[in-house]
Amino acid sequence: MTCSDSESVGGNTVDIATNHTVRDFVKDNGGHTVITRVLIANNGIAAVKEIRSVRQWAYATFGDERAIEFVAMATPEDLKVNAEYIRMADQYVEVPSGTNNNNYANVELIVDVAERTGAHAVWAGWGHASENPLLPESLRASKSKVVFIGPPGSAMRSLGDKISSTIVAQHAEVPTMPWSGDGITDTRVNEAGHLEVPDDAYHAATTHNMDEGLKQALRIGFPVMIKASEGGGGKGIRMVSKETDFASAFYQCQAEVPGSPIFIMKLAGESRHLEVQVLADQYGNAISLFGRDCSVQRRHQKIIEEAPVTIAPPETFEQMEKAAVRLAQLVGYVSAGTVEYLYTPADDKFYFLELNPRLQVEHPTTEMVSGVNLPAAQLLVSMGIPLHRIREIRHLY
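Residues numbered from 1 in each chain as written. Predicted model: local features only at pLDDT ≥ 70, side-chain atom pairs only at ≥ 80, totals over all residues. Heavy atoms only, no water.

## Some points on the pairing of strand 2 (residues 69–74)
As a general feature of sheets, a regular strand has side chains that alternate between the two faces. For strand 2, the buried fraction is high: five of the six residues fall into the buried class. As paired strands, strand 1 (residues 37–40) and strand 2 are joined by four bridges and run parallel to one another. In the sheet register, Val 38 faces strand 2, and the bridge partner there is Phe 70. Handedness of the strand 1-helix 3 (residues 44–62)-strand 2 crossover: right-handed. (Buried < 20%, exposed > 50% of the residue type's maximum accessible area, 1.4 Å probe, protein only. Helix = DSSP H or I, 4+ residues; strand = E, 2+ residues; numbered from the N terminus. Pairing = 2+ DSSP bridges. Right-handed = clockwise from strand over helix to strand, strands pointing away.)

## Describing the packing of helix 2 (residues 21–28) against helix 3
Where helix 2 meets helix 3, the axes come as close as 12 Å, and the angle between the chain directions of the two elements is 80°. Classified by the interaxial angle, the pair formed by helix 2 and helix 3 is roughly perpendicular. Side by side, helix 2 and helix 3 meet where Thr 21, Val 22 and Phe 25 of the first sit next to Trp 57, Thr 61 and Phe 62 of the second. Looking at the contact of helix 2 with helix 3 residue by residue, the class counts come to four nonpolar, two polar and no charged. (Axes fitted to C-alpha atoms, helices over the stretch in contact; angles between N-to-C directions. Parallel < 35°, antiparallel > 145°, perpendicular 65-115°, else oblique. Contact = heavy atoms within 4.5 Å. Nonpolar A, V, L, I, M, F, W, Y, C, P; charged D, E, K, R; others polar.)

## As for the nonpolar core
Within the largest apolar cluster, 71 residues are counted, with the highest numbers of intra-cluster contacts made by Leu 39, Trp 57, Ile 68, Tyr 85 and Leu 379. Excluding its chain neighbours within four sequence positions, the residues that come into contact with Leu 379 are Ile 35, Val 38, Val 54, Trp 57, Ile 68 and Ile 149. Core analysis: the next-biggest nonpolar cluster, separate from the first, contains 44 residues, Met 177, Met 265, Val 339 and Phe 350 among them. (Core = buried A, V, L, I, M, F, W, Y, C linked by side-chain atoms within 4.5 Å.)

## A word on the side chain of Arg 23
Relative to the helices and strands, Arg 23 is located in helix 2. You can call Arg 23 buried: its relative accessible area is 13%. The residues contacting Arg 23, other than those within four sequence positions of it, are Val 14, Ala 17, Thr 18 and Val 34.

## A closer look at empty space enclosed by the protein
Counted by the stated rule, this structure contains two cavities of 30 Å³ or more. As a volume, the largest cavity reaches approximately 70 Å³. Lining of the largest cavity is provided by Trp 123, Ala 124, Gly 125, Ser 130, Phe 148, Ile 149, Gly 150, Pro 151, Pro 357, Arg 358, Leu 359 and Gln 378. Residue composition of the lining of the largest cavity, grouped by class: seven nonpolar, four polar and one charged. Each pocket or cavity is described by its volume, and for the second largest cavity that value is around 60 Å³. What lines the second largest cavity is a set of ten residues, and nearest its centre among them are Ala 280, Gly 284, Ala 328, Gln 329 and Tyr 333. Here the residues of the lining of the second largest cavity are counted per class, giving four nonpolar, five polar and one charged. (1 Å grid on protein atoms, 1.4 Å probe; cavity = no way out; pocket = protein on both sides within 12 Å on 5 of 7 lines; lining within 4 Å. Points joined across faces, edges and corners; volume = space filled by probe spheres on them.)

## Things to note about the packing of helix 11 (residues 210–220) against helix 12 (residues 246–256)
At their nearest, the axes of helix 11 and helix 12 sit 10 Å apart, and the two run at 120° to each other. The orientation of helix 11 relative to helix 12 falls into the category oblique. For the crossing formed where helix 11 meets helix 12, the hand is right-handed. Along the contact surface, helix 11 presents Met 210, Gly 213, Leu 214 and Ala 217, while helix 12 presents Phe 246, Ala 247, Phe 250 and Tyr 251. Among the residues forming the contact of helix 11 with helix 12, the class breakdown is seven nonpolar, one polar and no charged. (Left-handed = near helix turned anticlockwise from the far one by under 90°.)

## Brief notes about the environment of Leu 214
On the secondary structure map, Leu 214 appears in helix 11. Distance from Leu 214 to Glu 243, taken between C-alpha atoms, is 7.6 Å for residues 29 residues apart in sequence. Beyond its immediate sequence surroundings of up to four residues, Leu 214 is in contact with Phe 222, Glu 243 and Phe 246.

None of this, on its own, says anything about what the molecule does.
See the structure below:
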């Protein structure tokens, strides 16, 4: 097993779980934890998609779409509009209103609700607390050993952070664009046997103030991108084409994502934004489920997703898939994740961009071309079932 027992096995093990069709299924397929009650730490379409996908799998597998129960978190605002995900859930718990720090991104609250409702696992989807390593770590430390349906906190720290992930990519000899961390490949192996980036290496790749950032930009050569490591969704990212515009753009990035480390990267002109869908189990196995082309964007927000990828030759995209799988295995990644690349068609080269340590909103595009129910696959992986025992994976391969 890649993850240590304390990391991967939940409180409701097959040995103590009550007799249930799901328990028999988990036991027959080599799993270790029975999950029949899931808390959704999200709202809106993310929660709706999770419930629909898992119920579709449950009906096909057990003839009972309610074999897995769902507990929803609901703010007064969601209750007021009678949100669909609340109506779909088996139970809901009202949580405070306001910004997501009060509800869907509040780790302490999520752990408390999971414990109070008897949830065996928590699914965070995308956004909110989905990329916060404190969530899987806090759930693991909870009295009930609630399972996080997603990667361990150590993998989030190694690959979920844009700076750390680029250093790990350089260590794995995956091509990267010129950036403020050029040539930094320092990593160390933690107690679980996974790669981590030492603090001094991370510090060396970060630009701590505007003057440092400008110095790096001049070394790399304009045009450059100023990026906040914790940014996303169009926030904390600025393109700068000349030196005189650098200062204002740098301060804007800092203001949009307060406290986030900042790094500088060369702008890739005439490039395409391609991504590889990765799925990994708890035993060191990782696979690629093809890829997506998300080049059509507005203000750094993806508008159109295409699958499969057609702009890159098959042999080139195969190298991108192999590199993505290699990265996932290096850091002990578990569950679904997406490795993003910049691809330049003119010279047929690709460069690592980042890894999203979660399910992405555009995952149905991959489901359509692969036939794999990704939320259901995440659930099965969290139960300790290896990839080769997941029916849709076997059919695909």
